[in-house]
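# Chain and residue survey
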Amino acid sequence: MLLTTEPTTPTAEEIIRTHHDSVWRFLVSIGCEPTLADDLTQEAFLSVLGDGFEYRGSHLTAAWLLRVAKHLFIDHVRKRKAVLGVDLEHAETRWQEFEADCPHEKRVAWLRECMGELTDRAREALQQRYELNLPREEMARRLGMAPAGVKTMLERIRRRLRECVQGKVNHDDA
Amino acid sequence: MTTLEDGFWEQAIGEAAGGRKPPAQTDVILTRLQIPDLGPPPVEEKPKGRLLRLRHLFEAAAAVAALLAIGVLTGLIPLGGGNAGNGAGGGEDGPDTPPMQVAAAPDSEFRQEENELELEHGWLLVTTGAPDVTCEGSRLTKVDGRVLVHAGNAPTGKQVDAVEGWLAANKLETEMINEAKRWFQAAGMAALVLTGSAMLDGQRIEAQDETTHASPQWRAVESVMDIEKLPSDAQWVRGERLDGNYLEFLSAHTAVKGIAFTFGDSMRPVNLKQLASMPNLEYLEIRGAVWAVDPDYSPLTEMKALKQLYIDYVPSIQDEDGKAVAIASDSTERYHILSSLRTLSDRGVDIHLGKLAGLNDEQLAKIVASLPGLTSLTLRGNRSVSSTSMKLLAESSKITSLNLYQCSSVEDLGLAYLARANKLTALTLGPAPTAAELYQVAKMTNLQELTLVLDLDRYMDVVKDHVGELKTLTNLKRLEVLWQYNPMARFEGKGYEQVDAVSDLAKACPALTELNAYATLPPRDVARLIDSLQGTSLKRLGIGFRPSETARPAEPEKVVEDLKDIKPLSGVDDLEIRLYSLKSGDALSSGLDTLAAKFPDLKRLELTIDWYRSSSLRDGVPEFEKRVEAFRKAHPDLKVTFEMVEE
């Protein structure tokens, strides 16, 4: 079990609180359904913090947790003979780079700022897609456009948001 | 979603737009951490053992039945109670029939003693596991592969002609058998080792290395200028990702025997018609072609000299936006693809078929039945074809090369059929081989090329645990292993087990001349791998390399430090270093000189970068290109290339 005698070694609770959300977000971002991500995140912590765990710093612990979570997800996909939507080689490293580039809370705050600059129709599309989780056909019906048009519209919105946040990141770096 | 970064952004945008957030489950995890793992339920040993024994009996019976079936189909076992291979000794039970590992030619005479066969007259085809064969005091033992034996001296042309039908039934080429220099002559018999090895009167005899024959000298073309400048005696030409209309210019070179025109763009039937005018064209490879109009393979049938064809079964066609889209697998009939290929196959052309991802067992069976000339199949990515098809391929085709990467419905059962037939010389497997599958691979002793593509490092651990079994693959000439190196290996208390497994296997294969270990190996593992390959006969070595073990660029001094003590590895004249990242400021530039200096026989250095896997990690490419140019100038005797590769 977890070593707690050394003053520099965090407790299991501290490790979970520090890394839990990042692991969950990582799983969702590589294509894992949110409800499955709940379970797999738990399993990842149980696997890493079980017998034989030795703390070697926050960065390595995060890398280990992400890697275990990725493997759990790949196993899940494979058992169902489904196909991964994206190559996951080095996914955990790339996720850590992505987070190091801009902390999540700051990125989300900037995304919200950037969303404020979108048209009402674009914001409506975002709400339907992410908050209401509507299928594309239903979005098309509500927005009065073809399903292919919805796809194009969302791609355009995503691109604009990424550019907007990236501009803020660059400005912040400068 | 197309890239990892797209997925990262999608999650962030979703959360910012009111989508799901991470749940609060710290307490749940803490509670679960306190509950001891009960482990799997206890197993009752006795019933399990009994079940296993019954299963083995069943498997043995099935194996015998299937081997008998194979023997009848291929002529390995004579039909008709031994008339075809009539034994002279006989006995109360009538004439001898050879054991299933041996086939006797018509009118041959032999006597079956305990644990040996005495050949008196004629021919035997002896395969792995056969009893000893004796003749006039000479003895053939330890056959591992296929050996053709002739009583007395090497056969004359007339003797070969007399058994032409039997040779053909066993897929033996008379041209090769007529070459006296291929035969090993002992006092009482002559032996020709077709594959593998054997002992003849205590001397080890081996199949002659096909690579010792003059290999084609390929000339690469990238432009019409290159084509027009080809010497008039150029025979082998390759080009990649060129427009199909380049073939018109190529067709003017009538001496050309072989064309590899892969991933051709905007192909049209007229391009193939132009090639049909080339009188000497024996070899054509047009895999990965994207057609500008409806694909049409019928002009191929006009290529009178054609002997080898590498082609897609389900070709791609350009859509309205110019993107390549595979045609529907059930529309191949509309394009008369199979009928064109059948015409070629009937004419004796060896067909190597790729892009069969959308096909099922039934469709594949139809193709196999229609194309007796099918020698290799790339089923990569096919999730429908099952082990049933492997039985068919093992028993009813002359396929010797199979790519089963990502064929998730082919399990160890399918590999067992292939192992039992033991006809494969080349196999690609992945991404998650199991112990049961590797067990079957170990039985494919005629394999000369094995490629294992593994998507997680723990599947490399599965391979590692079975290296002992795989050491039976002594005929292997080329071994390629791709795996995701675990950058956390040392953190998890592991050492060099994975690279050691690769080198252990390489060392167990005396015929191995090419080894490619493609993983994101950090410098220390690269050093370990090269050092542990001392004593092998490698001519070509490919190594995957990632200078830095972390997201940060590597420190030049550290890389050189890790590489500087490698012992020189002689024999290797072709080295490929495959990079998985080239970050600005990365240190391979310094490591390059150190590494190249460790190969005293080096003639060619191929620097490649895996384009897909290095995405977002290659901002140092321009800087590295300059370094390569400087390296090239400093080593004028070395052929140095730097290319992007896509898996």
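Here the structure is a predicted model, which is why all the values come from computation and not from measurement. (Residues numbered from 1 in each chain as written. Chains lettered and ligands numbered in written order. Predicted model: local features only at pLDDT ≥ 70, side-chain atom pairs only at ≥ 80, totals over all residues. Heavy atoms only, no water.)

## Some details on the pattern of salt bridges
- All told, the structure shown has 34 salt bridges over all chains when counted by the stated rule.
- Residue R25 of chain A pairs with E15 of chain B through a salt bridge whose shortest N-O separation is 2.8 Å. Of this pair, R25 of chain A sits in helix α1 (residues 12-29) while E15 of chain B is found in helix α1 (residues 4-16), placing the two residues in two different chains.
- In this structure R25 of chain A comes out as buried when scored by relative accessible area, which is 7%.
- Among the ionic pairs, E576 of chain B bridges to R578 of chain B, the shortest N-O distance being 3.1 Å.
- It is possible to trace a salt-bridge network through shared partners that takes in R478, E480, E514, R540, D574, E576, R578, R604 and E606 of chain B. (Salt bridge = Lys/Arg side-chain N within 4 Å of Asp/Glu carboxyl O. Helix = DSSP H or I, 4+ residues; strand = E, 2+ residues; numbered from the N terminus. Buried < 20%, exposed > 50% of the residue type's maximum accessible area, 1.4 Å probe, protein only.)

## Overview of the confidence of the model for chain A
- The pLDDT averaged across chain A works out to 85; a share of 93% of its residues lies at or above 70.
- Taken as a whole, residues 1-7 of chain A scores under 50 in pLDDT and shows 14 contacts with residues more than four places along the chain or in a different chain. (pLDDT = per-residue confidence, 0-100. Contact = heavy atoms within 4.5 Å.)

## Quick notes on the sheet that holds strand β16 (residues 316-318) of chain B
All names here are of chain B.
- Pairing is mixed across the open sheet formed by 3 strands, whose spatial order is β14-β16-β17. One side of each edge strand has no neighbouring strand; the edge strands of this open sheet are β14 (290-291) and β17 (324-326).
- Looking at chain direction, β14 and β16 are connected through 2 bridges and run parallel. Residue W291 lies in a different strand from β16, and its bridge partner there is I317. (Pairing = 2+ DSSP bridges.)

## Side note on the interface of chain A and chain B
- Listed per partner, the contact involves 62 residues of chain A and 57 residues of chain B.
- For the chain A and chain B pair, buried surface summed over both sides reaches about 5700 Å², with 60% attributable to carbon and sulfur atoms.
- Our count for the contact surface shared by chain A and chain B stands at 6 salt bridges.
- Among the salt bridges present, the one from R129 of chain A reaches E10 of chain B, with a minimum N-O distance of 3.2 Å.
- Scanning the region where chain A abuts chain B turns up 13 residue pairs in polar contact (both at pLDDT 80 or more).
- Elements that contribute at least two residues to the side of chain A that touches chain B include exactly α1, α2 (34-48), α3 (58-79), α4 (91-101), α5 (104-115), α6 (120-131) and α8 (147-173) of chain A.
- For the side of chain A that touches chain B, the element with the most residues is α1 of chain A, which contributes 10 residues.
- Classifying every residue of the side of chain A that touches chain B gives 27 nonpolar, 12 polar and 23 charged. (Buried area = accessible area lost by both parts, 1.4 Å probe. Polar contact = N/O pair within 3.5 Å; in protein donor to acceptor, adjacent residues only side chain to side chain. Nonpolar A, V, L, I, M, F, W, Y, C, P; charged D, E, K, R; others polar.)

## Quick notes on the state of the cysteines
Residue and element names in this part refer to chain A.
- Under the definition given, this model contains 1 disulfide over all chains.
- The disulfide bridge from C114 ends at C164, spanning 2.0 Å between sulfur atoms. The S-S bond linking C114 to C164 shows a torsion near -80 degrees; that makes this disulfide left-handed. Within this pair, whereas C114 is found in helix α5, its partner C164 is found in helix α8, the two being separated by 50 residues in sequence.
- On the basis of relative accessible area, C114 is assigned to the buried category, the value being 2%. (Disulfide = S-S within 2.5 Å.)

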